[in-house]
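Chain residues, written in single-letter form:
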4 protein chains.
Amino acid sequence: MSLNTFGHLFRVTTWGESHGPALGATVDGCPPGVVLDEPMIQHWLDRRKPGQNKYTTQRREADAVRILSGVFEGRTTGTPIQLMIENTDQRSKDYGEIAESFRPGHADITYWQKYGIRDYRGGGRSSARETAARVAAGAVAREVLKVLAPEVAITGYMVQMGRLRADRDRFDMAEVERNPFWCPDPAAAAIWAEHLDDLRKSGNSVGAVVEVVAAGVPAGLGAPIYGKLDSDLAAAMMSINAVKGVEIGEGMAAAELTGVENADEITLGDDGRPRYSSNHAGGILGGISTGQDVVVRFAVKPTSSILSPRRTIAVTGEAREIVTKGRHDPCVGIRAVPVGEAMMACVILDHLLLDRGQTGGRRGPIGR
Amino acid sequence: MSLNTFGHLFRVTTWGESHGPALGATVDGCPPGVVLDEPMIQHWLDRRKPGQNKYTTQRREADAVRILSGVFEGRTTGTPIQLMIENTDQRSKDYGEIAESFRPGHADITYWQKYGIRDYRGGGRSSARETAARVAAGAVAREVLKVLAPEVAITGYMVQMGRLRADRDRFDMAEVERNPFWCPDPAAAAIWAEHLDDLRKSGNSVGAVVEVVAAGVPAGLGAPIYGKLDSDLAAAMMSINAVKGVEIGEGMAAAELTGVENADEITLGDDGRPRYSSNHAGGILGGISTGQDVVVRFAVKPTSSILSPRRTIAVTGEAREIVTKGRHDPCVGIRAVPVGEAMMACVILDHLLLDRGQTGGRRGPIGR
Amino acid sequence: MSLNTFGHLFRVTTWGESHGPALGATVDGCPPGVVLDEPMIQHWLDRRKPGQNKYTTQRREADAVRILSGVFEGRTTGTPIQLMIENTDQRSKDYGEIAESFRPGHADITYWQKYGIRDYRGGGRSSARETAARVAAGAVAREVLKVLAPEVAITGYMVQMGRLRADRDRFDMAEVERNPFWCPDPAAAAIWAEHLDDLRKSGNSVGAVVEVVAAGVPAGLGAPIYGKLDSDLAAAMMSINAVKGVEIGEGMAAAELTGVENADEITLGDDGRPRYSSNHAGGILGGISTGQDVVVRFAVKPTSSILSPRRTIAVTGEAREIVTKGRHDPCVGIRAVPVGEAMMACVILDHLLLDRGQTGGRRGPIGR
Amino acid sequence: MSLNTFGHLFRVTTWGESHGPALGATVDGCPPGVVLDEPMIQHWLDRRKPGQNKYTTQRREADAVRILSGVFEGRTTGTPIQLMIENTDQRSKDYGEIAESFRPGHADITYWQKYGIRDYRGGGRSSARETAARVAAGAVAREVLKVLAPEVAITGYMVQMGRLRADRDRFDMAEVERNPFWCPDPAAAAIWAEHLDDLRKSGNSVGAVVEVVAAGVPAGLGAPIYGKLDSDLAAAMMSINAVKGVEIGEGMAAAELTGVENADEITLGDDGRPRYSSNHAGGILGGISTGQDVVVRFAVKPTSSILSPRRTIAVTGEAREIVTKGRHDPCVGIRAVPVGEAMMACVILDHLLLDRGQTGGRRGPIGR
């Protein structure tokens, strides 16, 4: 991953500031001949759209995507696909008071220090608005995956809000689309709703943990040592705004296991393919997919834009107190779910192409 | 990060299998004129060397590094530096029985599936032996940092073994070099020693959590959005053998905090530089360093090479039971400490060069 | 150079088809704080604009560029700069007859074979229209160079049309902007004007040779061995539509010289800097700039879109005769002059940043 | 191409100085399962070996290559292949007098200026000795091509020495291996032999033009716009020591043709594939291969190491006269023939992998 482009063959470059005229993504290296149109991409953007429910940002945007290149007569041409989303609902005056001050927990101060200039409106380039471009690119990846690897299914959901964990024994994936938290445990969703209402009224915020699973990923994807599938996934998720930790499979908890506890034993399934007794590994061994579910989790820190006063300084060095007004997410983790899915889609597709480039996709045979 | 090379400007390519003639690293893009010789690099390799104490691999290797290029009259030339370590103590017969079978939890099966061929001796390319090359490259990075950023100090240590956590209130960094666990809490080190003895006798293994801190990192390093400092660190640590989770600052625990709890407030220090009330962020905001300690943690899963039988299959598909004999680490996390330090050094230096490339290193002023 | 992005630190990605809604360039890695606005970029695009005189394409386009990101309050932010040019004057019906056939000498057949789909309107992605995006990106590079290396001056001009060579003894650079051929020899310009009129009437076309000189380039730019300044320039110029040869300094003629004839001897100038007796090397030795004028030449083949019938096949394999109607350049070399300048600007700037990244820009001293 | 690595998927990194302990190449991304051993690579190195005849460098080297990784039981594993050649015959004292002075026409001065340090022995990293590493890597590429694209045949030969052109009407490719000039025109070879003897006795040198042809390249290779096959070939050849010009097909002469003269018309061959009336394009249209012979030419300047005195300066700025003694090539173009072939092999293979990565290698159908 480098600068504003990620990916090896399926290369995505995003651009655009929160309050600029537009933002977007250039998708380069897309396989040709794939059916693609604006409604297909719009579908995924709508899942992310702020203003959808009372728990997410109150900013109302159409988030309407346009395809400016790379598609002809309804199919991808193999040339760069430019996706553009115009910004239509910026309330610049909401941000006026922070032109001079650095909001604690945000990138205001680091962008100023690094670049000596910053577009302070809505966080500029550091705003989570950038993730709309990723979701658009992820939509393209999904359409390509439908053609090249139709068994792949990517699902993201929240497993934790603050200290409140969803109960895996009650998981029902059908519930994910039915509550505003993408939570597969309806009981937890109800508790979270109350908790979040309390926090909103107090002007506070809370973190979250999002899990993204890619099922049906063929074995053999990943480019060791430094293009390992888990390395690229870690970089992808860590690049999302406010993310502070990334896990594969057991994640940090793997440290607490013994070798006996952590083992995923192998047998031969009836379909002649390897079968694993468990999936502590999260679907990746030695940086290469095993064919099991690829399981990634990431932690999103609580929004730093809260309504209680925080101490900070202005660019002059003077002490300031800052109270962020305007539109805010009490739990940005919710909006990170579609973003995590999009990153998963892009990385899985990228590795599918990379693998067929180096090896032609032929697998070492097992059995027979 | 891509394939077997990582880094943007300070680019490291590693090569070599566990039981091949040699392994090594090509360091490209190294700034010229830096004093460098073999003993400097050897110093860091010796810290990693197996056979050092009874807790790590019994394989005895000289791990003697040679510099084959890129250094002239004791200084780096700016041309590629080839570091080579010859393998001198491989006991091939120890691995003979796994030529046909796939060790559970290792990359044997995924390498076979991806490549249709694998060097099974000692894990081939997937072996942790590869990390010796990283430590050598990290040594070069350290020497360059001494010249370009002498305030930078990188320290790695274990904070957890299995379920046993070291106590941060008892941390004394001087202890890190005094026990075989690089543990800053001497009481914990003693407990771990006992615990590990028990596990070794039972033939089991345990995981660990390693923390690496880079102090004195200037503010402004990182290349958002997809070359963020934390993204590159996440990819770097996740690429280390057996790592399953990576955290920055609060890490996964950030999810459990509220906005009020997580805030790192800002004031102006007496030295005219920003001062933070805390460091939940781990030294990185918006993917760019703040000037605070950069704090990274990663979890290492328990070694899959344990002495109790595990069920697996052979390449023919037949059911097998595998008992790994020979030399093993009961806790690979111990050996990952110098590796984590090496990766931190490479990434920090890389970003220092990248930053001075794009911005010339001038910082946006605060104060005055 | 890779896919649709070129550059190492100053990275330009172009997108857009000839008859799509728009085309553009994403400029990533631009140093921050540089004054930039749309008129500055428009100035350079206007020099390239078709319809300017009777010798170039009759397509009338506003070629109006918009800056969609990366600039705030009139200065670059260091974040990606999206430049977009909307296509306003496509005459799609002009191209209808080639939907099924492959125009000889164009990329129609190769794009079809590679991608299995092609946007045939105006050549789609393979059209020289793409070079408008490069010129826009080159304009950004020029503005940055004014700040970082104000002594750098880039000038492109035609030295040959068909078999008619301009006379170097008559070169007067002030003439370059005074005739439609960017020719520094006014006598040659007059002869070329007649010659081109004849060819236009006969429906034929002719090739050209363009020379681009970068004066004032500091010594030390280039990243041997595979990022050599001349390698990157060769790739840059060869990537321009219809280019078939690239030369540095003496170019192909260097083969005909003896060592004695080709020598550029070195003395120390009065300013304490190295002075060269001549510049057969074209300003580059060992892939690194010497401080002399960097001299690059490239040959543009004659337009394949001519008005005489050519034999070809349709996608069905049937024999066809094709006569290209509509708007055409009788000598595309003319329009390649601003494009060559733009590529020179991008590559020089890229290497300036790359050099200061690896070495900090400090030079080995000579003299004193 | 970047720094010391070239290639997108088949990535080659070279390292090593002329008088260092060794030099070599790391070949990354090599498809697995290809038969490879040291004698196969040695064969191609022997073709390049200095001291082979009286016309090339008198330095006698075994140039013995060792494979240190990436091959197991005689086949490539898909992991990095380290190829090492130890330097055994350096006569360091031959270069002693230039430790302080800069040889005109060489990279001595630019390396000093850029890096502030240089290994002056034998030109250090800037020496043509580096090309031995390329030839070794090219040998690996050839072996892979035998498996993946057995119809590809790569042949290089000299077409010009100084002002003496070989006669294409007399070309017999069987002659290429029979004379020391790799010249397909035996009459020209005889004339060149005399001419070179004269130049050697006078201590002068002469340039050359080398042509490399890749026959049997499938249509569809190349990654427009900035990964065009001809761009990558241009960069590859320009990166070779002493190269000053690169041509594809007609090359610089394309400028002198009219559209009618330059046309390669298309019909359908009996085999159902497109057939071209000629090959002015050199096998590449729009940056993508057509299936015709890919024809590349490059000009090598005369060796700057000649035995007549040249004026230069020392690092102190003092005027010096330099007479290069020791071992020299009167015509380095001869030795560039195997190097050009090696670069062609690497680039063709790289693009074959890249194409199958993005498109899966399926071609748009023509005919039926």
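Numbering of residues starts from 1 in every chain and runs along the sequence as written. Chain letters start at A and ligand numbers start at 1, both assigned in the order the entries are written. With the structure being a predicted model, the display of local features is reserved for residues of pLDDT at least 70 and the display and counting of side-chain atom pairs for 80 or more, all residues being used for whole-chain, interface and lining totals. Working from all heavy atoms in the structure, the side-chain values ignore hydrogens and water.

Within chain A, the secondary structure is distributed over seven helices and 18 strands. Referenced to the eigenvectors of the C-alpha coordinate spread, the extents of chain A come out at roughly 75 × 50 × 35 Å. By residue count, 70% of the 368 residues in chain A fall in the buried class. Contacts between residues were defined by any pair of non-hydrogen atoms, one from each residue, lying within 4.5 Å. Taking all contacts inside chain A whose residues are at least 6 apart in sequence as the whole, residues at least 24 apart take part in 70%. Throughout, the Shrake-Rupley method with a 1.4 Å probe supplies accessible areas, and for residues the shown protein chains are the sole cover considered. For chain A, the computed accessible surface area is about 11,100 Å², with 50% contributed by carbon and sulfur atoms. Counting rule for charge: Lys and Arg are taken as positive, Asp and Glu as negative, and neither His nor the chain ends is counted. Charged groups are reduced to one reference atom each: NZ for lysine, CZ for arginine, CG for aspartic acid, CD for glutamic acid. If you average the places of the 43 positive and of the 45 negative side-chain charges in chain A, the two averages end up 5 Å apart. Put simply, DSSP marks the helices as runs of H or I at least four residues long and the strands as runs of E at least two long, and each gets a number from the N terminus on. The buried label applies to any residue whose accessible area, calculated with a 1.4 Å probe on protein chains only, is under 20% of its type's maximum; exposed applies above 50%, and partly exposed to all values in between.

Residues and elements named next belong to chain A. Sequence positions flagged by UniProt for "binding site: FMN" (unreviewed entry) are, in local numbering, Arg 125, Ser 126, Ser 127, Asn 241, Ala 242, Gly 286, Lys 301, Pro 302, Thr 303, Ser 304, Ser 305 and Arg 327. Owing to a relative accessible area of 12%, Ser 127 belongs among the buried residues under this scheme. If we skip the residues at most four places from it in the chain, Ser 127 touches Ser 18, Gly 122 and Asn 241. Mapped onto the fold, Thr 303 is located in the loop between β16 (294–300) and β17 (310–313). UniProt positions are given in the numbering used here, feature names are shortened, and annotations may be inferred rather than shown by experiment.

Now for the packing of aromatic side chains. In this description, a pair of aromatic rings is defined by centroid distance and the angle of the planes. All names here are of chain A. Here a pair means two rings of Phe, Tyr or Trp (six-membered ring of Trp) with centres within 6.5 Å. Their orientation is stacked below 30 degrees between planes, edge-to-face above 60, and tilted elsewhere. Inspection of the entire model under this criterion finds 20 aromatic pairs over all chains. An angle of 90 degrees between the planes, with centres 6.0 Å apart, marks the rings of Phe 181 and Trp 192 as edge-to-face. Of the two residues, Phe 181 is situated in the loop between β9 (164–165) and α4 (186–202) and Trp 192 in helix α4; the sequence distance between them amounts to eleven residues. The class of Trp 192 is buried, set by a relative accessible area of 1%.

Copy-to-copy alignment: least squares on C-alpha atoms, limited to residues at pLDDT 70 or above in both. Least-squares fitting of chain B to chain A yields an RMSD of 0.0 Å, with the transformation described by 0.0 Å of translation along the axis and a rotation of 180 degrees. Taken together, the rotation angle and the small translation identify this as a two-fold axis. Mapped onto chain A, 100% of the interface residues of chain B again fall at the interface, so both copies present the same surface.

Comparison of the two chain copies shows a relationship of rotation about an axis with a shift along it. Each copy of the sequence occupies a distinct position, and chain C is placed on chain D by a rotation of 180 degrees and an axial shift of 0.0 Å, giving an RMSD of 0.0 Å. A share of 100% of interface residues in chain C that are also interface residues in chain D marks the association as one of identical surfaces.

As a further point, take the interface of chain B and chain A. Every contact between the two is made by 114 residues of chain B and, on the other side, 114 residues of chain A. In total, about 9,000 Å² of surface goes out of reach between chain B and chain A, with carbon and sulfur atoms giving 57% of it. The term buried area refers to how much accessible surface (probe radius 1.4 Å) is lost by two components on association, counted for both of them together. When residues of chain B are sorted by the area they lose upon contact with chain A, Lys114(B), Tyr226(B) and Lys244(B) head the list and together hold 11% of the total. Should a side-chain nitrogen of Lys or Arg be within 4 Å of a carboxyl oxygen of Asp or Glu, the pair is scored as a salt bridge. Where chain B packs against chain A, one counts ten salt bridges. Across the pair Arg165(B) and Glu256(A) runs a salt bridge, and its minimum N-O distance is 3.5 Å. Throughout this description, a polar contact denotes any pair of N or O atoms lying within 3.5 Å of each other; where both atoms belong to protein, one of them has to be capable of donating a hydrogen while the other can accept it, and for residues adjacent in sequence the pair is counted only when both atoms sit in side chains. Summed over the shared surface of chain B and chain A, the number is 73 residue pairs in polar contact (both at pLDDT 80 or more). Looking at the side of chain B that touches chain A element by element, the count peaks at seven residues for helix α2 (residues 108–115) of chain B. Note on residue categories: nonpolar means Ala, Val, Leu, Ile, Met, Phe, Trp, Tyr, Cys or Pro, charged means Asp, Glu, Lys or Arg, and polar means any other residue, Gly included. Tallied by class, residues from the side of chain B that touches chain A come to 52 nonpolar, 40 polar and 22 charged. Where strand β11 (residues 243–248) of chain A meets strand β11 (residues 243–248) of chain B, three bridges bridge the pair, whose relative direction is antiparallel. Across the sheet, the residue bridging to Glu247(A) is Gly245(B), located in β11(B). Strand pairing is assigned whenever DSSP identifies at least 2 bridges connecting the two strands.

Residue and element names in this part refer to chain D. By the bridge criterion, four bridges tie strand β17 (residues 310–313) to strand β18 (residues 319–322) in an arrangement that is antiparallel. Looking at the pairing, Arg 310 lines up with Ile 322 of β18. Where β17 folds back onto β18 in an antiparallel hairpin, the turn is made up of five residues, including Gly 317, whose phi is positive at roughly 100 degrees.

Here the focus is the interface of chain C and chain D. With 115 residues of chain C in contact, the opposing surface of chain D contributes 115 residues. Roughly 9,000 Å² is buried in total at the junction of chain C and chain D, and carbon and sulfur atoms are behind 57% of that figure. Broken down residue by residue, the surface that chain C buries against chain D is led by Lys114(C), Tyr226(C) and Lys244(C), which jointly contribute 11%. Between chain C and chain D we count ten salt bridges in total. Between Glu265(C) and Arg311(D) there is a salt bridge, with its nearest N and O atoms 3.3 Å apart. If one sorts the elements of the side of chain C that touches chain D by residue count, helix α2 (residues 108–115) of chain C sits on top with seven residues. Class assignment of the residues belonging to the side of chain C that touches chain D gives a composition of 53 nonpolar, 40 polar and 22 charged.

The subject of this paragraph is the pairing of strand β8 (residues 153–161) of chain B. Residue and element names in this part refer to chain B. Most of β8 sits out of view: seven of its nine residues are buried. Pairing geometry for β8 and strand β10 (residues 208–215), over eight bridges, is antiparallel. Its bridge partner lying in β10, Gln 160 is registered against Val 209. Relative to strand β9 (residues 164–165), β8 is paired through two bridges, and the arrangement is antiparallel. By the bridge assignment, Gln 160 is partnered in β9 with Arg 165.

Quick look at the sheet that holds strand β10 (residues 208–215) of chain C now. Strands sit in the order β9(C)-β8(C)-β10(C)-β16(C)-β11(C)-β11(D)-β16(D)-β10(D)-β8(D)-β9(D) across an open sheet of ten strands; the sheet is antiparallel. Since the sheet does not close on itself, it has two edges, and those belong to β9 (164–165) of chain C together with β9 (164–165) of chain D, each with one partner.

The subject of this paragraph is the side chain of Glu265(B). Along the chain, Glu265(B) falls in the loop between α6 (259–262) and β12 (266–268). Residue classification places Glu265(B) among the buried residues on the basis of a relative accessible area of 15%. The residues touching Glu265(B), leaving out its near neighbours within four places in the chain, are Pro104(A), Pro309(A), Arg310(A), Arg311(A), Arg275(B), Tyr276(B) and Ser277(B).

The next point concerns the UniProt feature "binding site: NADP(+)" (unreviewed entry) in chain A. Residue and element names in this part refer to chain A. What UniProt calls "binding site: NADP(+)" (unreviewed entry) maps, in this numbering, to Arg 48 and Lys 54. Along the chain, Arg 48 falls in helix α1 (residues 38–48). With relative accessibility at 4%, the residue Arg 48 sits in the buried group. With residues up to four places along the chain from it excluded, the contact list for Arg 48 reads Asp 63, Ala 128, Arg 129, Thr 131, Ala 132, Val 135, Arg 335 and Pro 338.

Turning to α4(A), a few remarks are in order. Residue and element names in this part refer to chain A. One less than the residue count of a helix, multiplied by 1.5 Å, gives the span that helix is expected to have. Taking 1.5 Å per residue as the helical rise, α4 with its 17 residues ought to reach 24 Å, and the 25 Å between its terminal C-alpha atoms agrees with that figure. Its side-chain oxygen placed 3.1 Å from the backbone nitrogen of Ala 187, Asp 185 serves as the N-cap of α4. In the segment just after α4, Gly 203 is the residue with positive phi, at about 80 degrees.

By the secondary structure assignment, Gly16(A) is in strand β2 (residues 11–16). Residue Gly16(A) is classed as buried on the basis of its relative accessible area, which comes to 3%. Note: C-alpha distance between Gly16(A) and Ser126(A) (110 residues apart in sequence) is 9.7 Å. Setting aside residues up to four positions removed in sequence, Gly16(A) forms contacts with Ala22(A), Leu23(A), Arg125(A) and Ser69(C).

With that settled, consider the environment of Gly70(B). Along the chain, Gly70(B) falls in the loop between β4 (65–67) and β5 (71–72). The contacts of Gly70(B), once residues within four sequence positions are left out, are Arg75(B), Thr76(B), Thr77(B), Thr79(B), Pro80(B), Ile81(B) and Glu17(D).

According to the stated counting rule, one finds 92 salt bridges over all chains in the structure shown. Notably, a salt bridge pairs Arg163(C) with Glu261(D), separated by 3.8 Å at the nearest N-O pair. One end of the pair, Arg163(C), is in the loop between β8 (153–161) and β9; the other, Glu261(D), is in helix α6 (residues 259–262), on a second chain. Residues Glu247(D) and Arg297(D) are paired through a salt bridge, measuring 2.9 Å at the closest nitrogen-oxygen approach. Here the residue Glu247(D) occupies a position in strand β11 (residues 243–248), and Arg297(D) occupies one in strand β16 (residues 294–300), the gap between them amounting to 50 residues. The burial state of Glu247(D) is the same as that of Arg297(D); both residues are buried. Among the charged side chains, a salt-bridge network with shared partners connects Arg47(A), Arg142(A), Glu177(A) and Glu341(A).

Here the focus is the side chain of Arg47(B). All names here are of chain B. You can see Arg 47 is positioned in helix α1 (residues 38–48). When its relative accessible area of 13% is taken as the criterion, Arg 47 is described as buried. For Arg 47, the side chain forms a polar contact with the side chain of Glu 177, separated by 3.0 Å.

With that settled, the discussion passes to the sheet that holds strand β7 (residues 81–86) of chain B. Sheet strands line up and pair through hydrogen bonds in the backbone, either parallel or antiparallel. All names here are of chain B. If you trace the five strands from one edge of the open sheet to the other, you get β1-β2-β3-β7-β4, paired in antiparallel fashion. Two strands close off the open sheet at either side, each with one partner strand: β1 (5–6) and β4. Strand direction decides the pairing type here: strand β2 (residues 11–16) and strand β3 (residues 22–28), joined by six bridges, are antiparallel. Paired with Arg 11 across the bridge in β3 is Asp 28. Geometry is summarised by axes, namely lines fitted to C-alpha atoms with helices restricted to the contacting stretch, and by angles between N-to-C directions that run from 0 to 180 degrees. Where helix α3 (residues 130–148) meets the sheet, it contacts β2, β3 and β7, and its direction lies at approximately 35 degrees from that of β3.

Mapping Leu221(D) onto the fold places it in the loop between β10 (208–215) and α5 (229–238). When the C-alpha positions of Leu221(D) and Ala236(D) are compared, they lie 16 Å apart, and in sequence the two are 15 residues distant. When neighbours within four sequence positions are excluded, Leu221(D) is seen to be in contact with Lys114(C), Leu229(D), Gly287(D), Ile288(D), Ser289(D), Ile348(D), His351(D), Leu352(D) and Asp355(D).

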